Amino acid sequence: MKKLLCVISAALVIVSAFSACSSDKGGDESNKISYSYDSHLTVNDSAKRAYESLCDAVVAGENTVYFNNALIQDVNQLFYTSFPLNSLVEKIEPSDDNSSFVITYKNDAEQHKKLVKDFVKKTESIMKECGYGKVSNNEYILNVYSYIAKNIEVDYSYTTAYDAIVSNLGTSASYSAAFEYLLRQAGIDSSHIYAPSVDEVLFFSVVEIDGEEYLFAPYNEHKETEGNGLSYFGMVYNDALTMSIIDSLRHTNGDIFARFDNSNRFADFRGTDRYTYEDGVITAGKSSGEQHKVEF
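Residues numbered from 1 in each chain as written. Predicted model: local features only at pLDDT ≥ 70, side-chain atom pairs only at ≥ 80, totals over all residues. Heavy atoms only, no water.

**Regarding the confidence of the model for the protein chain**
Low pLDDT marks regions whose predicted coordinates should not be analysed in detail. Per-chain confidence: the protein chain averages 90 in pLDDT, with 90% of residues scoring 70 or above. Counting interchain partners and residues more than four positions distant, the pLDDT-below-50 stretch residues 1-20 has 71 contacts. (pLDDT = per-residue confidence, 0-100. Contact = heavy atoms within 4.5 Å.)

Shown next, in the form of structure tokens:
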């Protein structure tokens, strides 16, 4: 119950993921990152620009950012669900004369700058390890999924994508958010959904593959196969319903996640605990010796 309450309280605030709906910013080339957001979220262009200004300020460690006060609700939604470096921010408040917003950080200026650079460096290292720029989008998705499922350890004290990337620790929310973040930095759209289960809140990533939507749960992959299999890779809606879920799947803004139809091309991967990838074909196996191949 303690785990459930902990994750529920954090779910709509700390989900940290980028999206291919993005703008390359960052000022200092050493801190160049893509400001983006969950592909399900819809806001107007003014809110997007204000969000980018806020992200710019946080990357640079600035204490003041200017945008219309009327945009704060949309900006907060994007910032606290879609920008991992929100973990370095203590609070954002309107200035006394309401002409700007004042940002208070958790660390001093020097430490903040170091943490931003360390985060960007770690992100770039993971993307390189997963073949970014050298492999197809599909292979990159596969590589990132396995990286997250293998390298992040479960710790319910850590709940964000920032935690998962920097500390290799996290909850279901962290696993999915980090997975999405690494995809979105590569220009691959994804969305974040969640639902309470019997034991805890479970998070899933929605990713489009070859024109079809699929669900991914790297946290569950880690717990079941230590990241060696593909049991929770490319799931369909009904697969999620078998995971002791007790309420509707929802997006981070509270919208109910709509059922979808696809070819269910990865159906035979359920229950697999190993796989290989060669010449565009995934071969996933089970402990029984049974194997299944899918072109990918």
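Here the narrative resumes.
**Remarks on the packing of helix H7 (residues 172-184) against helix H8 (residues 218-225)**
Two packed helices can be described by the angle between their axes and the distance between those axes. In the contact formed by H7 and H8, the axes pass within 7 Å of each other and the chain directions differ by 120°. Classed by the angle they form, the pair H7 and H8 counts as oblique. Together, Ser172, Tyr175, Ser176 and Phe179 of H7 and Pro218, Tyr219 and His222 of H8 make up the contact between the two elements. (Axes fitted to C-alpha atoms, helices over the stretch in contact; angles between N-to-C directions. Helix = DSSP H or I, 4+ residues; strand = E, 2+ residues; numbered from the N terminus. Parallel < 35°, antiparallel > 145°, perpendicular 65-115°, else oblique.)

**Brief notes about the sheet that holds strand S12 (residues 274-278)**
Judged by pairing direction, the sheet is antiparallel, and its 3 strands sit side by side in the order S12-S13-S14 without closing on themselves. Each edge of the open sheet carries a strand with a single partner, namely S12 and strand S14 (291-295). Here the strands of the sheet are splayed against their neighbours by 20° on average, with no regard to which way each runs. Relative to strand S13 (residues 281-285), S12 runs antiparallel, the two sharing 5 bridges. (Pairing = 2+ DSSP bridges.)

**Structural notes on H7**
The end-to-end C-alpha distance of H7, which contains 13 residues, comes to 18 Å, matching closely the 18 Å that a straight helix rising 1.5 Å per residue would cover. With 13 of 13 residues buried, H7 lies mostly within the body of the structure. (Expected span 1.5 Å × (residues − 1). Buried < 20%, exposed > 50% of the residue type's maximum accessible area, 1.4 Å probe, protein only.)

**A short note on the packing of aromatic side chains**
Scanning all chains against the criterion turns up 21 aromatic pairs. Residues Tyr214 and Phe266 carry aromatic rings whose centres are separated by 5.1 Å and whose planes lie at 75° to one another, so their mutual orientation is edge-to-face. Here the residue Tyr214 occupies a position in strand S10 (residues 212-216), and Phe266 occupies one in the loop between strand S11 (250-251) and S12, the gap between them amounting to 52 residues. Residue Tyr214 is classed as buried on the basis of its relative accessible area, which comes to 0%. Here Phe216 and Phe233 contribute two aromatic rings whose centre-to-centre distance is 4.9 Å and whose plane-to-plane angle is 85°, an arrangement assigned as edge-to-face. Here Phe233 lies in the loop between H8 and helix H9 (237-241) and Phe216 lies in strand S10, a separation of 17 residues in the sequence. This pair shows no difference in class: Phe216 is buried, exactly as Phe233 is. Clustering of aromatic rings is evident, with ring pairs tying together Tyr145, Phe179, Tyr214, Phe216, Phe233, Phe266, Phe269 and Phe296. (Phe/Tyr/Trp six-rings, centres within 6.5 Å; stacked < 30°, edge-to-face > 60°.)

**What about the sheet that holds strand S5 (residues 101-105)?**
The strand order across the open sheet built from 3 strands is S3-S5-S4, with neighbouring strands paired in antiparallel fashion. The open sheet has two free edges, formed respectively by strand S3 (64-65) and strand S4 (89-94), since each of these has just one partner strand. Both S4 and S5 contribute to a ladder of 5 bridges, which runs antiparallel. By the bridge assignment for S5, Val89 is matched with Tyr105.

**Points about the packing of helix H5 (residues 137-151) against H8**
Between H5 and H8, whose axes approach to 8 Å, the crossing angle comes to 55°. Accordingly, the angle class assigned to the pair H5 and H8 is oblique. By crossing handedness, the relation of H5 to H8 is classed as right-handed. On H8, the residues that touch Tyr145, Ile148, Ala149 and Lys150 of H5 are Pro218, Glu221 and His222. Split into classes, the residues belonging to the contact of H5 with H8 amount to 4 nonpolar, 1 polar and 2 charged. (Left-handed = near helix turned anticlockwise from the far one by under 90°. Nonpolar A, V, L, I, M, F, W, Y, C, P; charged D, E, K, R; others polar.)

**Considering H8**
Burial analysis of H8 places 6 of its 8 residues in the buried class, the great majority of the element. Burial in H8 covers these residues: Pro218, Tyr219, Asn220, Glu221, His222 and Thr225. Contacts made by the buried residues of H8 are with H5, strand S6 (153-154), H7, strand S9 (201-209) and S10. Following H8 by one or two positions, Glu226 has its phi on the positive side, about 55°.

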